[in-house]
Amino acid sequence: MAGFLLLLCSVLHAPFSDAVAADLGVHGQVFPVAEPDMLEMIMAKLRQMEAEGKITEMQEGLKSRTAAYAVRPPAVPGIGTAVQARSWLHDPAVVLNRDLQDQDGNVFQKSGRRINPLDYINLSQQMLFINGDDEKQVAWAKRTENALGGRAKIILVRGAVADHSRREGKPYYFDQGGKLTERFGIRNVPALIRQEGRYLRIEEVPQ
């Protein structure tokens with residue numbers, strides 16, 4: 001029944017454009033609207049789907065897809081395996097496109113100002129990007145993390161992130177939608193990101 005109400009609410013909250021009406025009088029003979037009530041048609045269709053078990057089937061399918069997504073999210077497209085060492089610096093500074101205000105409306109950073117977050121905080125952990133289906137890369141990430149005394153965050157671009165977290169007893173992460181690899185220009189893994197002064201050093205490390 002929850003699915004029935006959800007679909008019904010979606011219909012009832014569909015956007016309508018505003019219009020300005022003017023009384024132009026009656027021109028010609030007026031006939032009653034013969035089309036069946038659209039809302040009643042939709043409700044009848046939903047009742048039929050519910051009676052046939054299709055709504056429950058849709059809900060179960062959604063649950064299964066959500067669970068599968070949590071275990072193994074879609075792989076980040078366009079990421080290959082590193083075969084040549086590559087290293088570069090990334091400037092994390094951003095230019096504000098609006099004023100920043102506190103809760104009282106006082107502006108503490110003006111629009112147009114260039115801000116580097118590394119002037120205020122340090123990157124406490126290195127970020128290690130790997131293909132979780134590649135055992136060589138998984139082993140590299142574990143060795144590197146151990147060498148750093150555990151101060152590393154392992155981020156998958158492919159693989160069953162939930163399985164890795166459960167097996168290792170600690171959180172593994174996933175680059176959802178490739179946001180991080182795109183931002184930092186990473187095209188091959190394994191790769192790591194570490195702080196180097198006011199910049200981030202990014203390296204692709206062949207195994």
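Everything below is about the structure printed above this text.
Model, not experiment: these values are computed from the prediction.

A. Here's a closer look at the overall build of the protein. In terms of helices and strands, the protein carries 6 helices and 12 strands. Considering the protein as a whole, with its 207 residues, one finds that 29% of them fall into the buried category. Sequence-distant contacts in the protein: of pairs separated by 6 or more residues, those separated by 24 or more amount to 63%. Carbon and sulfur atoms form 56% of the exposed surface of the protein, whose accessible area is close to 14300 Å².

B. Layout of the sheet that holds strand E11 (residues 191–196). With mixed pairing, 6 strands are arranged side by side in an open sheet as E2-E12-E11-E7-E8-E9. The open sheet has two edge strands with one neighbour each: strand E2 (86–90) and strand E9 (173–174). Running over the sheet, helix H4 (residues 135–147) touches strand E7 (126–131), strand E8 (152–158) and E11 and is turned about 165 degrees from E7.

C. Quick look at the nonpolar core. One finds Phe 129, Ile 186 and Ile 193 to be the most contacted residues of the largest nonpolar core, which totals 28 residues. Going through the elements one at a time, E7, H4, E8, E11 and strand E12 (199–204) are the ones with two or more residues in this core. Here this core gets 5 residues from one element, more than from any other, and that element is E8. Those residues within four positions of Ile 193 in sequence are excluded, and the remaining contacts are Leu 123, Gln 126, Met 127, Phe 129, Phe 184, Ile 186, Leu 200, Arg 201 and Ile 202.

D. Layout of the pairing of E12. Sheet analysis places E2 next to E12, joined by 5 bridges and oriented antiparallel. Opposite Ser 87, over in E12, you have Glu 203 as the bridge partner. Inspection of the sheet shows E11 paired to E12 by 6 bridges, in the antiparallel sense. Note on E12: the bridge partner recorded for Ala 191 is Glu 204.

E. Main features of the pairing of E8. Counted residue by residue, E8 has 5 buried out of 7 residues, so it is predominantly covered. Note that E7 and E8 share 6 bridges and pair parallel. For Met 127, the partnering residue across the bridge sits in E8 and is Lys 153. Note that the unit made of E7, H4 and E8 has a crossover that is right-handed. Judged from the 2 bridges that link them, E8 and E9 form a sheet pairing that is parallel.

About the criteria used
- Residues numbered from 1 in each chain as written.
- Predicted model: local features only at pLDDT ≥ 70, side-chain atom pairs only at ≥ 80, totals over all residues.
- Heavy atoms only, no water.
- Helix = DSSP H or I, 4+ residues; strand = E, 2+ residues; numbered from the N terminus.
- Buried < 20%, exposed > 50% of the residue type's maximum accessible area, 1.4 Å probe, protein only.
- Contact = heavy atoms within 4.5 Å.
- Areas by Shrake-Rupley, 256 points an atom, 1.4 Å probe, with all protein chains shown as cover.
- Pairing = 2+ DSSP bridges.
- Axes fitted to C-alpha atoms, helices over the stretch in contact; angles between N-to-C directions.
- Core = buried A, V, L, I, M, F, W, Y, C linked by side-chain atoms within 4.5 Å.
- Right-handed = clockwise from strand over helix to strand, strands pointing away.

Everything listed here is a matter of geometry and, on its own, says nothing about what the molecule does.
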